[in-house]
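Survey of secondary and tertiary structure
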Amino acid sequence: MRKKSAILALIGAGKWGKKYLESCKNLPEVKIGYVCTKSGMTKIEDLLKKDDLEGFIIASPTSTHFKLAKLLIENDKNVLIEKPVAPSYKQTKALLRLSKKHPKSKVLAGHIQLYNPAYQKLKKNIQKIGKIRRVSFSGLGSTKRSDTTVFWDWGPHPVYMFIDLIGKEAIVKSSKLVPPDNAEIILDFDGIVGKIKIGWTFPKKIRELKVIGDKGELKMGSVKSKRTPLQNEILHFVNVIRGKRKPISNLEQAVAVAKIIESASRQSLLL
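Okay, so let's go over this structure. Remember, predicted model here, so these are calculated numbers, not experimental data.

Thresholds, definitions, all that
Residues numbered from 1 in each chain as written. Predicted model: local features only at pLDDT ≥ 70, side-chain atom pairs only at ≥ 80, totals over all residues. Heavy atoms only, no water. Helix = DSSP H or I, 4+ residues; strand = E, 2+ residues; numbered from the N terminus. Rg over C-alpha atoms; globule rule 2.2 N^0.38 Å. Buried < 20%, exposed > 50% of the residue type's maximum accessible area, 1.4 Å probe, protein only. Contact = heavy atoms within 4.5 Å. Areas by Shrake-Rupley, 256 points an atom, 1.4 Å probe, with all protein chains shown as cover. 1 Å grid on protein atoms, 1.4 Å probe; cavity = no way out; pocket = protein on both sides within 12 Å on 5 of 7 lines; lining within 4 Å. Points joined across faces, edges and corners; volume = space filled by probe spheres on them. Nonpolar A, V, L, I, M, F, W, Y, C, P; charged D, E, K, R; others polar. Pairing = 2+ DSSP bridges. Axes fitted to C-alpha atoms, helices over the stretch in contact; angles between N-to-C directions. Expected span 1.5 Å × (residues − 1). Arc of directions from axis to C-beta. Polar contact = N/O pair within 3.5 Å; in protein donor to acceptor, adjacent residues only side chain to side chain. Salt bridge = Lys/Arg side-chain N within 4 Å of Asp/Glu carboxyl O.

1. Re the overall build of the chain
Within the chain one finds 9 helices and 11 strands. Computed over its C-alpha atoms, the radius of gyration of the chain comes to 19 Å, within 12% of the 18 Å expected for a compact globule of 271 residues. Principal axes of the C-alpha set define a box for the chain whose edges measure 50 × 45 × 40 Å. Considering the chain as a whole, with its 271 residues, one finds that 51% of them fall into the buried category. Put simply, of all contacts in the chain between residues at least 6 apart along the chain, 74% involve residues at least 24 apart. Roughly 14300 Å² of accessible area belongs to the chain as shown, and the carbon and sulfur atoms make up 52% of that amount.

So this is what it looks like as structure tokens:
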């Protein structure tokens, strides 16, 4: 007998909120039972009392993430937070500390590319290229956002993938803005170089992850799949809630990402 669908509440119905709604339409395992918006009638405080809710998804503007996540964690609610988890290293770290005081609250960072079948295929084959020497990522050409910077919008993607692949902490070697709103970052993972090019306004759309090792290189290509990366992420969240999985993208990872992004952002301002 199949277990009943997990009922979730969605906070935010903007660009990413709509993506979550659309993604859940074709997932029989999940149902968005409630949607909270700034001007809507449904209030998050009322939802805290609902016994049928298994978790919350925060897809509101970045500036609201910390306050909402703090409220949910303090009330022992399970929460998936769209990246970036919070707009600063300090706030992200504060959420991690809070979650340790509320172990009933299972928290997942929305690091979507970790749930991309193409990324998972690359990671599965990583041993074929020997010891990793360099990693690079280009994410250029996308809709400009008004609620965050290009560092906090695009930066988390390559950083969490690099951390996941290499398994080491990094320091920022250099970081600069490329006018009008692109950026270039170089990281050092204990001798392994990570190069990042990200931005909103670029002549063409580029999405490329490359890993170079002693015995060759790998690129993230396309993989046919029944589900999208976002659907995989949502299903993983449900499995984490129900105790079937441990979080792939936990708050510890989010803190490591935030530390690097904040450092890169500050360095770019010094030039």
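2. Section: empty space enclosed by the protein
Taken as a whole, this structure holds 1 cavity of 30 Å³ or more when the rule is applied. In this model, the largest cavity occupies a volume close to 60 Å³. Lining the largest cavity are K83, P84, V85, A86, T92, H111, W152, P156, A254, V257 and A258. In terms of residue class, the lining of the largest cavity is made up of 8 nonpolar, 2 polar and 1 charged.

3. Some details on the pairing of strand 11 (residues 216-219)
Pairing geometry for strand 10 (residues 206-213) and strand 11, over 4 bridges, is antiparallel. When the sheet's bridge partners are listed, V211 is paired in strand 11 with L218.

4. Things to note about the sheet that holds strand 8 (residues 182-189)
Spatial ordering of the open sheet is given by 7-8-9-6-10-11, a layout of 6 strands whose pairing is mixed. Edge positions in the open sheet fall to strand 7 (171-178) and strand 11, since each of these has one partner strand only. Each neighbouring strand pair of the sheet contributes to a mean axis angle of 10 degrees, computed without reference to strand direction. The strands that helix 9 (residues 251-270) touches are strand 7 and strand 8; relative to strand 7, the one it contacts most, it runs at about 55 degrees.

5. Let's talk about helix 4 (residues 89-101)
Its 13 residues give helix 4 an end-to-end C-alpha distance of 19 Å, which sits within 8% of 18 Å, the value for a rise of 1.5 Å per residue. Residues T92, L95, L96, L98 and S99 constitute the buried set of helix 4. Down the axis of helix 4, the smallest arc covering the buried residues is 165 degrees, so these residues share one side. Residues K90, K100 and K101 are exposed on helix 4 and point more than 90 degrees away from its buried face. Turning to helix 4, the residues buried within the fold contact helix 3 (65-74), strand 5 (107-110) and helix 9. The distance from a side-chain oxygen at the start of helix 4 to the backbone nitrogen of Q91 is 3.1 Å, and the residue carrying that oxygen is S88.

6. Let's talk about the pattern of salt bridges
Side chains that differ in sign of charge can pair as their charged atoms come close. Within this structure, the stated rule accounts for 13 salt bridges. A salt bridge links K70 to E74; its shortest N-O distance comes to 2.7 Å. Taken as a pair, K70 and E74 lie in helix 3 at a separation of 4 residues, close to a single helical turn. Under the relative-accessibility criterion, K70 is labelled partly exposed at 34%. Looking at E74, the relative accessible area reads 34%, which means it is partly exposed. Between R266 and E262 there is a salt bridge, with its nearest N and O atoms 3.2 Å apart. Taken together, the positions of R266 and E262, both in helix 9 and 4 residues apart, correspond to about one turn of that helix. Take E262: its relative accessible area is 16%, and that puts it in the buried class. What you see here is one network of salt bridges that share partners, running through K83, R145, D147 and D153.

Worth remembering: the numbers are spatial, not functional.
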